[in-house]
Amino acid sequence: MKITGCETHAVTVNYEGMMSGTHVVLRLRTDQGIEGISYVSRVGPRNIRAMALVMEAMVESLNGLDPSNTEENFRKLIGPSLGAPVSGLELRAASAIDVACWDLKGKAVGQPVYKLMGGFRDRLPISANWALMPGPPKDKLQAHLENLLARGFRAVKAPCGFATIPAAVDHVKFIRSVVGPEVKIIVDLNFQHGVKDALRFARETEEVDLYWIEDPVAFHDYEGMAEVRAGARQPITCGEVYQFQHEFKWLLEKRCSDNVMIDQDLGLTGFLKVAHMAQAYGCPVINHLAPEALSHPIAAVPNGLIVGLVPWGQPLFTEPMKVEDGNLVMSAAPGLGLTLDEDVLVKCAVN
Ligand SMILES: [Mg+2]
């Protein structure tokens with residue numbers, strides 16, 4: 001199998017009227033007629049075309065190579081920059097190509113990616129990570145939470161970093177009162193606090209029994225994270241913005257975080273390396289965005305904790321992720337198990 005080129009689509013989609021996102025979708029083409037799929041999010045509207053162009057140029061440099069050689073291909077894309085600064089755009093384009101290569105690798109041998117990566121399990125806990133910010137009227141929030149429970153979710157995540165601490169504490173207490181004692185509640189503080197305020201939040205929410213407190217202080221303040229971790233009774237989760245293995249190494253060595261959150265920027269190849277490194281420190285791993293791809297390495301490793309479902313990419317695909325009794329049921333289909341919705345790609349195209 002050889003890479004022969006690609007097609008990119010810039011698309012803005014909306015999930016259930018609650019969350020919209022603009023994504024650059026990559027279709028990596030091969031001489032076998034099968035294609036690898038991935039997408040990149042969080043690209044500024046003015047940079048969409050640039051992202052697509054970088055992806056296309058990078059794929060051109062892989063033409064004729066076997067997509068199954070994921071280490072070789074990823075090294076070829078960012079290798080010249082290893083040890084020196086690499087632009088974020090290049091890194092994120094390379095990571096999307098890596099994801100599409102893994103999709104092809106699975107399709108070529110008729111196996112789901114998570115099985116190729118280790119296949120630890122085929123059902124894993126999943127959390128609903130949308131529309132749970134403080135702000136909307138409480139009856140609206142309650143209706144959303146009840147809907148999530150009815151759909152089988154048993155874990156929810158609320159971003160509270162931009163509320164005052166009293167408002168954030170009140171918000172999570174209200175969520176607990178609606179979902180009952182069994183449902184896991186995750187709170188993201190979005191890097192917004194100093195150590196003392198983060199510890200105050202942790203103290204005042206002890207009775208709520210949070211599953212974890214995420215990003216309590218600035219992402220570069222490793223010492224601050226370690227202080228919060230040492231002082232809080234609830235687990236701490238950090239890592240979502242890091243793009244290099246050494247940043248996770250520092251996080252683990254300095255004992256900053258109980259769990260490690262990894263995004264797609266290292267590709268699936270890098271995600272897996274960080275997950276194995278975290279295992280050596282006894283730390284579970286979680287994805288940040290791109291659950292359709294990143295659920296695979298989480299299902300593959302023994303220290304995969306839970307998949308966070310940020311659903312803004314879901315409308316790109318014909319099949320929604322399947323949730324049963326609080327668990328994501330991994331697809332048995334080859335590769336990432338994703339089928340693009342061709343109508344959506346046309347109807348929701350960004351020009
Ligand atoms: Mg976060």
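Note that the structure is a prediction, hence the values are computed from the model and not measured. Position labels on residues start from 1 in each chain and follow its written sequence. Per-residue local features are limited, in this predicted model, to residues with pLDDT of at least 70; the limit for side-chain atom pairs, both in listing and counting, is 80 or more; totals at the level of whole chains, interfaces and linings are taken over all residues. Hydrogens are left out, water is left out, and the side-chain values use all remaining heavy atoms of the structure.

## Let's talk about the packing of helix α2 (residues 70-78) against helix α3 (residues 88-109)
Piece 1. Fitted lines through C-alpha atoms serve as axes, helices being fitted only where they are in contact, and the angles separating the N-to-C directions of these axes extend from 0 to 180 degrees. In this description a helix means any DSSP run of H or I spanning at least four residues, a strand means any run of E spanning at least two, and both kinds are numbered starting from the N terminus. For the pair α2 and α3, the least separation of the axes is 10 Å and the interaxial angle reads 165°. Classified by the angle their axes make, α2 and α3 are roughly antiparallel. Read as a crossing pair, α2 and α3 show a hand that is right-handed. Across from Thr70, Asn73, Phe74, Leu77 and Ile78 in α2, the residues of α3 making contact are Leu91, Ala94, Ser95, Ile97, Asp98, Cys101, Trp102 and Lys105. Relative orientations are named as follows: roughly parallel for angles under 35 degrees, roughly antiparallel for angles over 145 degrees, roughly perpendicular for angles from 65 to 115 degrees, and oblique for any other angle. Here a crossing is called left-handed whenever its near helix is offset anticlockwise from the far helix by less than a right angle, and right-handed whenever the offset is clockwise. Two residues form a contact once any of their heavy atoms are found within 4.5 Å.

## Side note on the packing of aromatic side chains
Aromatic rings considered in pairs are described by the distance between their centres and by the relative angle of their planes.
Piece 1. Centre distance within 6.5 Å is the pairing criterion for rings of Phe, Tyr and Trp, where only the six-membered ring of Trp is used; planes under 30 degrees apart are then read as stacked, over 60 as edge-to-face, and the remainder as tilted. Within this structure, the stated rule accounts for eight aromatic pairs.
Piece 2. Ring geometry for tyrosine 15 and tryptophan 130: centres 5.4 Å apart, planes at 90°, overall edge-to-face. Taken as a pair, tyrosine 15 in strand β1 (residues 3-15) and tryptophan 130 in the loop between β4 (123-128) and α5 (138-150) lie far apart in primary sequence, 115 residues in all.
Piece 3. When accessible area is computed with a 1.4 Å probe and restricted to protein chains, residues below 20% of their type maximum are described as buried, those above 50% as exposed, and intermediate ones as partly exposed. Classification of tryptophan 130 by relative accessible area gives buried; the value is 2%.
Piece 4. An angle of 80° between the planes, with centres 6.0 Å apart, marks the rings of phenylalanine 191 and phenylalanine 219 as edge-to-face. In this pair, phenylalanine 191 sits in the loop between β6 (184-188) and α7 (195-204) while phenylalanine 219 sits in the loop between β7 (212-214) and α8 (222-231), placing the two residues 28 residues apart along the sequence.
Piece 5. A residue is classified by how much of its surface remains accessible, and phenylalanine 191, at 22% relative accessible area, is partly exposed.
Piece 6. Judged by its relative accessible area of 38%, phenylalanine 219 falls in the partly exposed class.
Piece 7. In textbook terms, an aromatic cluster arises when at least three aromatic residues are bridged by ring pairs, as seen for Tyr222, Tyr242, Phe248 and Trp250.

## Notes on the packing of helix α1 (residues 48-62) against α2
Piece 1. Where α1 meets α2, the axes come as close as 10 Å, and the angle between the chain directions of the two elements is 125°. Judged by the inter-axis angle, α1 sits oblique to α2. Classified by chirality, the crossing of α2 by α1 is right-handed. From α1, Met58, Ser61 and Leu62 reach across to α2, where they touch Asn73, Lys76 and Leu77.

## Description of the domain arrangement of the protein
Piece 1. Each domain of the protein was delimited in the assignment, giving domain 1 (3-111 + 342-347) and domain 2 (114-329).
Piece 2. Throughout, the edges of the domains are those of an automatic or database domain assignment. Domain 1 and domain 2 are separated by 25 Å when their C-alpha centres are compared.
Piece 3. The interface is formed by 32 residues belonging to domain 1 together with 30 residues belonging to domain 2.
Piece 4. Summed over both partners, the accessible area lost on bringing two parts together, with a 1.4 Å probe, is the buried area. Taking both sides of the interface into account, the surface hidden between domain 1 and domain 2 amounts to around 2700 Å²; carbon and sulfur atoms contribute 68%.
Piece 5. Looking at the side of domain 1 facing domain 2, the largest losses of area belong to Tyr15, Tyr39 and Trp102, adding up to 26% of the total buried there.
Piece 6. Within this document, salt bridges are pairs made up of a side-chain nitrogen of Lys or Arg and a carboxyl oxygen of Asp or Glu, the two lying within 4 Å of each other. If you look at where domain 1 meets domain 2, you find five salt bridges.
Piece 7. Measuring nitrogen to oxygen at the nearest pair gives 3.9 Å for the salt bridge that ties arginine 42 to aspartate 265.
Piece 8. Pairs of N or O atoms within 3.5 Å make up the polar contacts considered here, provided that, within protein, one atom can donate a hydrogen while the other can accept it, and that residues adjacent in sequence are counted only when both atoms are side-chain atoms. In this structure, the connection of domain 1 to domain 2 is made through 12 residue pairs in polar contact (both at pLDDT 80 or more).
Piece 9. Going through the elements one at a time, β1, β2 (19-30), β3 (35-40), α2, α3 and α12 (342-347) are the ones with two or more residues in the side of domain 1 that touches domain 2.
Piece 10. The element contributing the most residues to the side of domain 1 that touches domain 2 is α3, with nine residues.
Piece 11. Each residue is assigned to one class: nonpolar for Ala, Val, Leu, Ile, Met, Phe, Trp, Tyr, Cys and Pro, charged for Asp, Glu, Lys and Arg, and polar for all the others, Gly among them. By residue class, the composition of the side of domain 1 that touches domain 2 is 17 nonpolar, nine polar and six charged.

## Quick word on the side chain of arginine 92
Piece 1. With respect to the helices and strands, the residue arginine 92 is situated in helix α3.
Piece 2. At a separation of 2.3 Å, a polar atom in the side chain of arginine 92 contacts the main-chain carbonyl oxygen of serine 41.
Piece 3. Once residues within four sequence positions are removed from consideration, arginine 92 is found in contact with Val40, Ser41, Arg42, Val43, Met51, Gln243 and Asp265.

## Observations concerning the sheet that holds β3
Strand-to-strand pairing in sheets goes through backbone hydrogen bonds, with the strands running parallel or antiparallel.
Piece 1. Within the open sheet, the three strands sit side by side as β1-β2-β3. Their pairing is antiparallel. Each of the sheet's edge strands pairs with one partner strand only, and the pair in question is β1 and β3. On average, each strand axis in the sheet is inclined to that of its neighbour by 20°, with strand direction left out of account.
Piece 2. DSSP-based pairing: two strands are paired if at least 2 bridges between them are found. Sheet topology places β1 next to β2; 12 bridges connect them, and they run antiparallel. Counted as the bridge partner of tyrosine 15 is methionine 19 from β2.
Piece 3. Set on the sheet, α3 makes contact with β1, β2 and β3; between it and β3 the angle comes to about 145°.

## Observations regarding α7
One turn of the α-helix equals 3.6 residues, which is why residues spaced by three or four share an orientation.
Piece 1. All of the buried residues in α7 are Val195, Ala198, Phe201 and Ala202. Seen from one end, α7 has its buried residues packed into an arc of 125°, which puts them on one side. Turned more than 90 degrees away from the buried face of α7, the exposed residues are Lys196 and Arg203.
Piece 2. Close packing links the buried residues of α7 with α6 (165-179), β6, β7 and α8. The arc in question is the one spanned by the directions pointing from the helix axis to the C-beta atoms.

## Details of the environment of tryptophan 102
Piece 1. Relative to the assigned elements, tryptophan 102 resides in helix α3.
Piece 2. What makes tryptophan 102 buried here is its relative accessible area of 7%.
Piece 3. The contacts of tryptophan 102, once residues within four sequence positions are left out, are Thr70, Val113, Leu116, Met117, Leu268 and Thr269.

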